[in-house]
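Below are the chains, spelled out letter by letter.
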Amino acid sequence: MLYWLMKRVFLGPVLHLFFRPTVEGAENIPATGGALLASNHLAVADSFFLPLKLRRRVTFPAKLEYFTQPGLKGKLKKWFFTGMGQIPIDRSSGSAAQAALDTGIRLLREGHLLGIYPEGTRSPDGRLYKGKTGMARMVLEAGVPVVPVAMFDTDKVNPIGSKMWKPHKVHIKIGKPLDFSRYYGLAGDRFVERSITDEIMYTLMELSGQEYVDIYAAKAKELMGMASTGPLVPRQASPAEVDRVSETKAG
């Protein structure tokens, strides 16, 4: 009840008024049954706009810290994130990470839409970073399709480090579901899980138009934190540029 009140009464109308979100490809969301929504991650705001434009409820894992802060502010934050359909996930240890996977698998098997950010954290510079294989494990264990989702301009609404959101139009593009049933029964095979993850990330790259960087976003943030001016993460060559270089060498 709280989720639908937040979406339709308290928060939803405000988001529609100031950010005019639009969605393309909503028909690609399965009408029933479990599915994993794999999205690029530009801002905290991503988790608010995607559920706003879908008829079905979406559940997102969220940092445990959002639910455990003491005092009145902490209680309000817990109420708010719970109302937005988010569930607390502890990622502080290996056993906690496994518990997070188990929770995701359970939700998918129960028929929920589960939103996942394969990069594991927000992009530090608007580029698309290497995906983590945990989502592939969930897909194989639960036997569900993957629906790719590209968020546009949420980083302009909610830039990293900002406390106030800025009015800006937001767009969401939803791709056709990806079927990985050919890999069912192979959960735990790291090569299979990496292959699935890379296929999903390639689809997200095409859907979003983002430049892809083949390192984890967390590592990129670490490198950027070490740099006094500008990022240390090199720009990745596009497939077209690679082809031109190859042709030049061959000539």
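Residues numbered from 1 in each chain as written. Predicted model: local features only at pLDDT ≥ 70, side-chain atom pairs only at ≥ 80, totals over all residues. Heavy atoms only, no water.

### Side note on the overall build of the protein
Phase 1: Of the regular secondary structure elements, the protein holds 11 helices and 9 strands.
Phase 2: Counting only residues that meet the buried cut, the protein has 42% of its 251 residues in that class.
Phase 3: Counting only contacts in the protein whose residues sit at least 6 apart along the sequence, the fraction spanning at least 24 positions is 78%.
Phase 4: Of the roughly 13,200 Å² that the protein leaves accessible, carbon and sulfur atoms contribute 58%. (Helix = DSSP H or I, 4+ residues; strand = E, 2+ residues; numbered from the N terminus. Buried < 20%, exposed > 50% of the residue type's maximum accessible area, 1.4 Å probe, protein only. Contact = heavy atoms within 4.5 Å. Areas by Shrake-Rupley, 256 points an atom, 1.4 Å probe, with all protein chains shown as cover.)

### What about unusual backbone geometry?
Phase 1: Notably, Arg20 is not glycine yet its phi reads approximately 45°, a positive angle.
Phase 2: Secondary-structure assignment places Arg20 in the loop between α2 (12-19) and β1 (22-24).

### A word on the confidence of the model for the protein
Phase 1: For the protein, per-residue confidence averages 85 on the pLDDT scale, and 80% of positions sit at 70 or higher.
Phase 2: For residues 241-251, every residue scores under 50 in pLDDT, and the model assigns this stretch 3 contacts once sequence neighbours within four places are set aside. (pLDDT = per-residue confidence, 0-100.)

### Some thoughts on helix α10 (residues 217-226)
Helical geometry note: an α-helix holds 3.6 residues per turn, so side chains three or four residues apart project in the same direction.
Phase 1: Of all the residues in α10, the buried ones are Ala217, Ala220 and Met224. Down the axis of α10, the buried side of the element spans an arc of 55°, and every buried residue falls inside it. Exposed side of α10, more than 90 degrees from the buried face: Gly225 and Met226 are the residues found there.
Phase 2: Buried positions along α10 lie against β6 (128-129). (Arc of directions from axis to C-beta.)

### Digging into the nonpolar core
Phase 1: By size, the foremost hydrophobic cluster in this structure holds 26 residues, and its most contacted members are Leu36, Met135, Met138, Val146, Phe180, Ile196 and Ile200.
Phase 2: Elements supplying a minimum of two residues to this core: β2 (35-39), α6 (94-109), β5 (113-116), α7 (134-142) and α9 (190-208).
Phase 3: In this structure, Ile29, Phe49, Tyr117 and Val149 belong to the second largest nonpolar core, which totals 25 residues. (Core = buried A, V, L, I, M, F, W, Y, C linked by side-chain atoms within 4.5 Å.)

### Considerations on the packing of α7 against α9
Phase 1: Contact pair α7 / α9: the axes reach a minimum separation of 8 Å and the direction vectors enclose 105°. The angle between the axes of α7 and α9 places the two elements in the roughly perpendicular class. Contacts from Met135, Ala136, Arg137 and Leu140 of α7 reach α9 at Val192, Glu193, Ile196, Thr197, Ile200 and Met201.
Phase 2: Broken down by class, the residue content of the contact of α7 with α9 amounts to 7 nonpolar, 1 polar and 2 charged. (Axes fitted to C-alpha atoms, helices over the stretch in contact; angles between N-to-C directions. Parallel < 35°, antiparallel > 145°, perpendicular 65-115°, else oblique. Nonpolar A, V, L, I, M, F, W, Y, C, P; charged D, E, K, R; others polar.)

### Here's the deal with the side chain of Thr197
Phase 1: On the secondary structure map, Thr197 appears in helix α9.
Phase 2: On the basis of relative accessibility, which here comes to 0%, the residue Thr197 falls in the buried class.
Phase 3: Residue contacts for Thr197: discarding those within four places in its chain leaves Gly131, Lys132, Thr133, Met135 and Ala136.

### Observations regarding the pairing of β2
Successive residues of a regular strand alternate their side chains across the two faces of the sheet.
Phase 1: Buried residues dominate β2, accounting for 5 of its 5 residues.
Phase 2: Burial along β2 is two-sided: Ala35, Leu37 and Ser39 facing one way and Leu36 and Ala38 facing the other are all buried.
Phase 3: Pairing geometry for β2 and β5, over 4 bridges, is parallel. Across the sheet, the residue bridging to Ala35 is Leu113, located in β5.
Phase 4: As paired elements, β2 and strand β7 (residues 146-152) share 4 bridges and run parallel to each other. Opposite Leu36, over in β7, you have Val146 as the bridge partner. (Pairing = 2+ DSSP bridges.)

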